[in-house]
Structures are given as C-alpha cells and as structure tokens.
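# Remarks on the overall topology
Listed below are the residues making up each chain.
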Amino acid sequence: MRLGKVMALAATMILAAGLAWAVDKSTAPYMKSVEPATAKAGAVVKVVGDSLDKTRVAEVYLTKGSTDLKVQIVEQQEEFIRIKVPAEVAPGRYQLMFLMTGPDPKLLEQPVFLLVE
C-alpha cells in the first residue's frame, strides 16, 4: 500500500472516530440496509435503520466519489425512510449519506449501498 493511501486511511479513521464521539449514540441515526438493493432511476426504495425520523435526519444523499446527489424523501419514519432515486442518476454503486438535524448538522456516510441500473 502506498504511503498516500495509508495516510488517507488514517485520516479517515481519525475523522470517523471524532464524528462518533461528537454524536450522541442514544439518538444517532443509523442506516442498516436498503430494499431493494438494486433499483433504476426514478424508483422508490426503502432505507431501513434506527432513529431516521424528521427530528434527526434532514436530507439524504447518494454519494459516489466526488458526486453527491440529494434525493427526494417520499416518506420518513423512526425505522425507515423511503427515497426516490433521482432521474438523472448514472448507473453505478452509490453509498447512502444523510445530513443530521440540529444546531451543528453533520453529513454522515452510512455502510449501506444502492446499485443503480
């Protein structure tokens, strides 16, 4: 592994640890899965997790490299969010990310992926 990659990985781990420390674990939103795991542009998918209600999650994004696409939230509950895959999204594998609510909102990438056909 190149030194640059090692340094980037170390910086990511430090940032993740800092964010984890800054977020209250008892109410921190967390995405567990997306159903279905594969969808086409324009489809509605269900993101399952914990603490996903409007008081904790303000926005949801599909992210891939330097591309972040804000998605439309169709329905939002404590244990799931239904989102609409943007019509302009290119095929590929996207990670889910959300913007927390509150006075100091944070963008948090989740260990959940959606394959867009």
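Above this text you will find the structure in question.
Residues numbered from 1 in each chain as written. Predicted model: local features only at pLDDT ≥ 70, side-chain atom pairs only at ≥ 80, totals over all residues. Heavy atoms only, no water.

## A word on the pattern of salt bridges
Opposite charge on two side chains permits them to pair, given that their charged atoms come into close proximity. Taken as a whole and assessed by the stated rule, the structure comprises seven salt bridges. Between Glu 117 and Lys 40 there is a salt bridge, and its shortest N-O distance comes to 3.7 Å. Taken together, the positions of Glu 117 in the segment after strand E8 (107-116) and Lys 40 in the loop between strand E2 (38-39) and strand E3 (44-50) put the pair 77 residues apart, joining distant regions of the chain. Taking the relative accessible area as the measure of exposure, Glu 117 reaches 53% and is therefore exposed. Of the residues examined, Lys 40 reaches a relative accessible area of 52% and is grouped as exposed. Connected through shared salt-bridge partners, Asp 53, Arg 56 and Glu 78 make up one network. (Salt bridge = Lys/Arg side-chain N within 4 Å of Asp/Glu carboxyl O. Helix = DSSP H or I, 4+ residues; strand = E, 2+ residues; numbered from the N terminus. Buried < 20%, exposed > 50% of the residue type's maximum accessible area, 1.4 Å probe, protein only.)

## Let's talk about the nonpolar core
Membership of the largest hydrophobic core comes to 23 residues, with the highest contact counts inside it found for Met 31, Val 60, Ile 83, Val 85, Leu 96 and Leu 114. Setting aside residues up to four positions removed in sequence, Val 85 forms contacts with Ala 39, Lys 40, Ala 41, Gly 42, Ala 43, Val 45, Leu 62, Leu 114 and Val 116. (Core = buried A, V, L, I, M, F, W, Y, C linked by side-chain atoms within 4.5 Å. Contact = heavy atoms within 4.5 Å.)

## Considerations on the sheet that holds E2
With mixed pairing, the eight strands of this open sheet are ordered in space as E1-E3-E6-E5-E4-E7-E8-E2. At either end of the open sheet lies a strand with only one pairing partner, and these are strand E1 (30-35) and E2. Here strand E7 (residues 92-100) runs beside E8; their pairing, made up of seven bridges, is antiparallel. Its bridge partner lying in E8, Tyr 94 is registered against Leu 114. (Pairing = 2+ DSSP bridges.)

## Things to note about the packing of aromatic side chains
Going through the model one piece at a time under the given rule, you end up with zero aromatic pairs. Seen from the ring of Tyr 94, Lys 64 lies directly overhead, with NZ or CZ sitting 5.4 Å from the centre. Geometry around Phe 113 places Arg 93 over its ring, the cationic atom sitting 3.7 Å from the centre. (Phe/Tyr/Trp six-rings, centres within 6.5 Å; stacked < 30°, edge-to-face > 60°. Lys NZ or Arg CZ within 6 Å of the ring centre and 35° of its normal.)

## Quick word on the pairing of strand E6 (residues 80-84)
With five bridges connecting them, E3 and E6 associate as antiparallel partners. The residue bridging Val 47 from the neighbouring strand is Ile 81, located in E6. Where strand E5 (residues 67-76) lies against E6, four bridges are found, and the strand directions are antiparallel. Bridged to Ile 73 within E6 is Ile 83. In this structure, the hairpin formed by E5 and E6 is closed by a connection of three residues.

## Quick notes on unusual backbone geometry
Generally, phi is negative for residues other than glycine and the peptide bonds are trans, each holding for most cases. The peptide bond linking Glu 35 to Pro 36 adopts the cis configuration, its omega dihedral lying at -10°. When you line up the elements, Pro 36 lands in the loop between E1 and E2. In the Ramachandran plot, Ser 51 falls in the positive-phi region, its phi being about 55° despite a non-glycine side chain. Looking at the element boundaries, Ser 51 is found in the loop between E3 and strand E4 (57-64).

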